[in-house]
Amino acid sequence: MILHFPLLLTIGTLMIPFVKHFGDHESAENAVTQHPNRWLIGHLIVAAAFGLSIVNITRIAEANPLAILLAAIGGGIQAAGLGADGVAPVVLLRHGLPPRRFFAGSSRTVPATFIVGSLLFGLAQILMIVGVNQAGQLPFGWGIAALLAAIGFSALPAIPSSWSLYGTAALSWLIYLPLQLTNVIIFY
């Protein structure tokens, strides 16, 4: 169950067409226009990954109610932002309207949503890894790597490019793979 989050996050991220700069509405519109199904399905898979991740964090950090609360709020915000960003441009396109209308109209709201959601969700992951490390459940090097990955995960959405999506997908593996390999579900 632990690796479902990084797996779905990676699959969904790789499905979403690349956008060099999220502020370039023409580039984003071209991505939606050329690959509407990939755009929609990729965003929905990533949103589902965040929903599933809340289960992981709840199971691993059961003794830390703050981590669970932050995961639920941050993951929910991420999923909502991904849903809007994935669905709205495709709906506009299918009704003969330019997807750019969504990107232009949401140019402040959607990035802010992703940043806030990522910070809250990232803090939940940091608290989860700190708890696992304090319990001595990860070898020292893996614990440090997982903690640094959790910190980076929460900071990457500040990069307004698909590169931030690829980075968070990669870092999710550095957070959750050590937990899977060492069978860390210590709070069941």
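Residues numbered from 1 in each chain as written. Predicted model: local features only at pLDDT ≥ 70, side-chain atom pairs only at ≥ 80, totals over all residues. Heavy atoms only, no water.

> Talk me through the packing of helix 3 (residues 36-60) against helix 6 (residues 109-134); I want residue IDs and the actual numbers.
Running from N to C, helix 3 and helix 6 point in directions that differ by 30°, and their axes come no closer than 10 Å. Classified by the angle between their axes, helix 3 and helix 6 sit roughly parallel to one another. Where helix 3 crosses over helix 6, the handedness of that crossing is left-handed. Facing Phe50, Ser53, Ile57 and Ile60 of helix 3, the residues of helix 6 in contact are Phe121, Ala124, Gln125, Met128 and Val132. In terms of residue class, the contact of helix 3 with helix 6 is built from seven nonpolar, two polar and no charged. (Axes fitted to C-alpha atoms, helices over the stretch in contact; angles between N-to-C directions. Helix = DSSP H or I, 4+ residues; strand = E, 2+ residues; numbered from the N terminus. Parallel < 35°, antiparallel > 145°, perpendicular 65-115°, else oblique. Left-handed = near helix turned anticlockwise from the far one by under 90°. Contact = heavy atoms within 4.5 Å. Nonpolar A, V, L, I, M, F, W, Y, C, P; charged D, E, K, R; others polar.)

> Got a sec to walk through the packing of aromatic side chains? Specific residues and values, please.
Applying the stated criterion across every chain, the model contains 12 aromatic pairs. Taken together, a centroid distance of 5.5 Å and an interplanar angle of 80° make the contact between Trp163 and Tyr166 edge-to-face. With Trp163 and Tyr166 both in helix 8 (residues 162-181) and three residues apart, the pair spans about one turn of that helix. An aromatic cluster of at least three residues, connected via ring pairs, comprises Phe5, Phe50, Phe121, Phe153 and Tyr176. (Phe/Tyr/Trp six-rings, centres within 6.5 Å; stacked < 30°, edge-to-face > 60°.)

> Could you give an account of the packing of helix 4 (residues 65-94) against helix 6, with specific residues and numbers?
Contact geometry of helix 4 with helix 6 gives a least axis separation of 7 Å together with a crossing angle of 150°. By the angle between their axes, helix 4 is roughly antiparallel relative to helix 6. For the crossing formed where helix 4 meets helix 6, the hand is left-handed. Between helix 4, through Leu66, Ala67, Leu70, Ala71, Ile73, Gly74, Gly75, Ile77, Gln78, Gly81, Leu82 and Asp85, and helix 6, the contact on the second element is made entirely by Val110, Thr113, Phe114, Val116, Gly117, Ser118, Leu120, Phe121, Leu123, Ala124, Leu127 and Met128. Along the lines of polarity and charge, the residues of the contact of helix 4 with helix 6 split into 16 nonpolar, seven polar and one charged.

> Tell me about the pattern of salt bridges, and name the residues and values.
If you walk through the whole model with that rule in mind, you get one salt bridge. Between Arg100 and Glu29 there is a salt bridge, and its shortest N-O distance comes to 2.8 Å. Pair noted here: Arg100 is in helix 5 (residues 100-105) and Glu29 is in helix 2 (residues 25-34), with a separation of 71 residues, a long-range link. The exposure class of Glu29 is buried, given its relative accessible area of 11%. (Salt bridge = Lys/Arg side-chain N within 4 Å of Asp/Glu carboxyl O. Buried < 20%, exposed > 50% of the residue type's maximum accessible area, 1.4 Å probe, protein only.)

Bear in mind that shape data such as this cannot, by itself, settle questions of function.
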